[in-house]
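# Per-entry structural report
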Amino acid sequence: MKVTQIRENFLKFFESKGHQVVSSSPVVPGDDPTLLFTNAGMNQFKDVFLGFDKRPYTRATTAQKCIRAGGKHNDLDNVGYTARHHTFFEMLGNFSFGDYFKRDAISYAWELLTTVYKLPADKLWVTVYAEDDEAYDIWAKEVGVPTERIIRIGDNKGARYASDNFWMMGDTGPCGPCTEIFYDHGEDIPGGPPGSPEEDGDRYIEIWNNVFMQFNRDEARLSVDLQERRILHQVTTSIQGLVS
């Protein structure tokens, strides 16, 4: 399947689920001093997540051009050394603004990967934030992923919420726990599953990241619970290896 087909199938799938197809925003943000470059599909919706802006739709899907060459999401040191890092790439995403949340986000991801892209289910592994029992139960009890292929990842980077499964846009801004999907390329490729000492190998490659936008991190590094403010949002970023 070619890149154009992957992109087209993604946007059509989410359009069929009631999402508005929204154009990619500029790679150099014009109104966000916290970012040097657009590094994720959710950037253009930042004010929507925080409740400062309102769109005429509650679901959106994009093919966002991204640059990760500075700031928190800097992939320069990894380009050329792994099979999954780029500085300039296209991130496909689906977004919900106060509409659906974990259950539908996970269901959509699984449906697209296994029925549209026809990836074998037994090749897919899942990670969840260690404290996110809800996401774990959805994967195990509703989707039916075997528990041995669902891995809890805690605060593994030396600080509270500093985790591969707790996503932050930058030093400030919307953030929250996430659940990722990995494809197993087989035992002939070096590397271990996520969370293992061999996780930097290329056997298990992340192909999807559901980010559950529940908090906002301010300059004092305090998280405001968006759910307590009755602003319940979700953003999904996926298939991050598409080069434009």
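Note that the structure is predicted; figures quoted are calculated from it, not measured. (Residues numbered from 1 in each chain as written. Predicted model: local features only at pLDDT ≥ 70, side-chain atom pairs only at ≥ 80, totals over all residues. Heavy atoms only, no water.)

Next up on the list: unusual backbone geometry. Excluding glycine, a negative phi dihedral is what most residues carry, and trans is how most peptide bonds are arranged. Phi is positive for Lys118, which is not a glycine, with a value near 60 degrees. In this structure, Tyr161 is a non-glycine residue whose phi angle is positive, near 65 degrees. Looking at where Tyr161 falls in the secondary structure, it is placed in the loop between strand 5 (150-153) and strand 6 (166-168). According to the relative accessible area criterion, Tyr161 is partly exposed, its value standing at 25%. (Helix = DSSP H or I, 4+ residues; strand = E, 2+ residues; numbered from the N terminus. Buried < 20%, exposed > 50% of the residue type's maximum accessible area, 1.4 Å probe, protein only.)

Now for the side chain of Glu180. Structurally, the position occupied by Glu180 is in strand 7 (residues 173-184). It is Lys157 that comes nearest to the buried, bridge-free Glu180 among opposite-charge side chains, at 8.5 Å. Setting aside anything within four residues of it in sequence, one finds Glu180 in contact with Trp125, Val126, Thr127, Asp164, Asn165, Glu206, Trp208 and Asn209. (Lys, Arg positive; Asp, Glu negative; His and termini not counted. Salt bridge = Lys/Arg side-chain N within 4 Å of Asp/Glu carboxyl O. Contact = heavy atoms within 4.5 Å.)

Among the residues of helix 4 (residues 133-143), Ala135, Tyr136, Ile138 and Trp139 are the ones counted as buried. Taken around the axis of helix 4, the buried residues stretch over an arc of 160 degrees, which confines them to a single face. Residues of helix 4 that are buried make contact with helix 3 (102-116), strand 4 (124-129), strand 5 and strand 7. Following helix 4 by one or two positions, Gly144 has its phi on the positive side, about 90 degrees. (Arc of directions from axis to C-beta.)

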